[in-house]
Amino acid sequence: MLGIFRGRRKFLAASLTLLCIPAITWIYLFAGSFEDGKPVSLSPLESQAHSPRYTASSQRERESLEVRVREVEEENRSLRRQLSLVQGQGPAQRRGNHSKTYSMEEGTGDSENLRAAIVAGNSSECGQQPAVEKCETIHVAIVCAGYNASRDVVTLVKSVLFHRRNPLHFHLIADSIAEQILATLFQTWMVPAVRVDFYNADELKSEVSWIPNKHYSGIYGLMKLVLTKTLPANLERVIVLDTDITFATDIAELWAVFHKFKGQQVLGLVENQSDWYLGNLWKNHRPWPALGRGYNTGVILLLLDKLRKMKWEQMWRLTAERELMGMLSTSLADQDIFNAVIKQNPFLVYQLPCFWNVQLSDHTRSEQCYRDVSDLKVIHWNSPKKLRVKNKHVEFFRNLYLTFLEYDGNLLRRELFGCPSETDVNSENKQLAELDEDDLCYEFRRERFTVHRTHLYFLHYEFEPAADNTDVTLVAQLSMDRLQMLEAICKHWEGPISLALYLSDAEAQQFLRYAQGSEVLMSRHNVGYHIVYKEGQFYPVNLLRNVAMKHISTPYVFLSDIDFLPMYGLYEYLRKSVIQLDLANTKKAMIIPAFETLRYRLSFPKSKAELLSMLDMGTLFTFRYHVWTKGHAPTNFAKWRTATMPYRVEWEADFEPYVVVRQDCPEYDRRFVGFGWNKVAHIMELDAQEYEFIVLPNAYMIHMPHAPSFDITKFRSNKQYRICLKTLKEEFQQDMSRRYGFAALKYLTAENNS
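All values reported here derive from a predicted model rather than from experimental measurement. (Residues numbered from 1 in each chain as written. Predicted model: local features only at pLDDT ≥ 70, side-chain atom pairs only at ≥ 80, totals over all residues. Heavy atoms only, no water.)

Caption draft 1: Spatial organisation of the pattern of salt bridges. Per the counting criterion, the structure on display carries 32 salt bridges. Notably, a salt bridge pairs aspartate 664 with arginine 662, separated by 3.3 Å at the nearest N-O pair. According to the relative accessible area criterion, aspartate 664 is partly exposed, its value standing at 48%. The exposure class of arginine 662 is buried, given its relative accessible area of 19%. A network of salt bridges, in which partner residues are shared, links Lys158, Asp408, Arg453 and Asp505. (Salt bridge = Lys/Arg side-chain N within 4 Å of Asp/Glu carboxyl O. Buried < 20%, exposed > 50% of the residue type's maximum accessible area, 1.4 Å probe, protein only.)

Caption draft 2: Fine view of the packing of aromatic side chains. A complete count under the given rule lists 30 aromatic pairs for this structure. Residues phenylalanine 162 and phenylalanine 404 carry aromatic rings whose centres are separated by 5.5 Å and whose planes lie at 70° to one another, so their mutual orientation is edge-to-face. Placement of the pair is phenylalanine 162 in helix 7 (residues 146-163) and phenylalanine 404 in helix 15 (residues 394-405), with a sequence separation of 242 residues. There is no split in this pair, since phenylalanine 162 and phenylalanine 404 are both buried. Residues tryptophan 493 and phenylalanine 558 carry aromatic rings whose centres are separated by 5.7 Å and whose planes lie at 45° to one another, so their mutual orientation is tilted. With tryptophan 493 in the loop between helix 18 (485-492) and strand 15 (497-503) and phenylalanine 558 in strand 17 (residues 556-559), the pair connects residues that are 65 residues apart, well separated along the chain. Taking relative accessible area as the criterion, phenylalanine 558 reaches 1% and is therefore assigned buried. (Phe/Tyr/Trp six-rings, centres within 6.5 Å; stacked < 30°, edge-to-face > 60°. Helix = DSSP H or I, 4+ residues; strand = E, 2+ residues; numbered from the N terminus.)

Caption draft 3: The environment of leucine 231, seen in detail. Position of leucine 231 relative to the elements: it lies in the loop between helix 10 (227-230) and strand 6 (237-241). A C-alpha to C-alpha distance of 9.7 Å links leucine 231 and aspartate 197, two positions 34 residues apart in sequence.

Caption draft 4: Expanded view of the pairing of strand 24 (residues 692-695). Of the pairings in the sheet, the one linking strand 19 (residues 588-592) to strand 24 comprises four bridges and is parallel in character. Bridging across to strand 24, lysine 588 finds its partner in glutamate 692. Taken together, the three bridges between strand 22 (residues 647-649) and strand 24 define a ladder with antiparallel strand orientation. Across the sheet, arginine 648 pairs through a bridge with isoleucine 694, a residue of strand 24. (Pairing = 2+ DSSP bridges.)

Laid out in structure tokens, this is it:
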């Protein structure tokens, strides 16, 4: 990527140097230079000034020349400032330099434009281009529907944010799925000077559903036609982008192109780089009418105010109705209709240079659009094959795309100095400011207020709860080192699952490849994968549980951990138990007894009788009996061995069973991170809210062995970690006393006696 910017800097520097030759020549002829502190004469007049024959007339002439030299020097300084603006646009400067955004829209890789600029150039116009004001908001519209498109649009947004130096306003035309995903993502991303508005795509279907469309984008591929009607009436202009776009430059440069529109030009488009509209791809190939090669609609500049005055809505509808009489359907969605309108009204188009939409679809001539990486501004993966498209430079383009795909989105939260921001980052900073940074437990406390970027439903999700309202969702959280448990859990639990995965951006892509390569995972559509992106130094275990627990569609949740395998058939057994114990109308927590094995290869027991036999043989043990007996002792395993009916147990200090509860149960307390007291605190609060604990006699789950987590290692080796955990426990108990009054005193007593 650095090569892109280096190439552009060299090109722009060369352009300005050629355009500025007259001024530099003046400086060379009249200004002179200095060596060793002494003036070196470049003019005979300066020599004459020291001779006896030097006259008053010569003095006046010299003074006149000195005035001219100063003027030229000032002009030269101005030119140098212009040149430094251009040369200072490498990646580092883009991240750190917040001076005015500028536009060099037609500068790179076009020799004809360069020659024309040199011919027309003069010193007074050197380096002048239409500028975008520093805090001018750039408006971007994107149509996005479904799980996959929601994932794709994030890479586009990253590439825009990486280069941008202006406030952005995204207008997202989204279905209910994409809106839920992207609203949460932007809300938790909290990028300064970025605003997002959503427009209900489902409500727009009737506007375009009458148009038969064969394109893989479906009905959503037609919705760019109705943007004049959909977007706010006071919005004058907008850049419209497909989700499969990657930016290699500041989007402000594209925004500045609006200044070049003249007359009735209202659409900025790049010529189509395939032969599609020429109609010669195969026998009987019959495309929609287009002007020459036609135009690609992956990148569009729309002058909305003028389009509305031209009655764009009526214009495209009449054109579509007329052409559909012969064509019967569109093959390229909105692009066919845009081109049919342009064919009749060519004056509507301002043709953008091709580097604003380098198209990587099949049968393209995109390679004629660029000669060097410095020519590239926007890459468009407009093929159903996406990254597998054929192009001699596809590896370079793929690497550029992958750079943004795996780029740490937290680094894009940088502020735009001097521009107002509407994000909630200030409220987070206010909460953090109230903490004492000298507190030895400061890092623990700040975790409670850290907002983690969250991408819900990272993969396709599809589940309809049963009509009898007995459905139960298994809830768990994990990091990359527990990924191998997913397939086994899916084999043991056929019901819905909600998982929160704590990953970096790069790890999220590794997970995606892992999941897409797994037949087991790809055959399950009722698993919701929610990515919570890494930030801070602690594992936010309870935040992860809350994310997974919040995004379920069943009335009950099974609060489990990723390293446990439920018994075969547990899903159906729990649904029956929900009815038997009347969980809908009572506050009960059904306990699933927990066991463990030290063997990595285990012949999983298929019945309670088989499990009891393995207990007696020492193949299985009650969970943590040898290191943390108190955690599960109240389950009363001795009674469970012979029980045939559910039985009630009482809460005791440090009790942390795995339970099934109604989905409206309390959240986990976020102050507990890493290892220690995270489940204990939640069970304590269930007890404080007067939940009954009922042990199921024919249910069980088994903990599978694995390497110790990083957090348990820190707990065991770091004394300060243990001190802070004890402090947080005491503060939690005090909060419980304030919330639940006298009844909560028993928790302090139990803690002191334990």
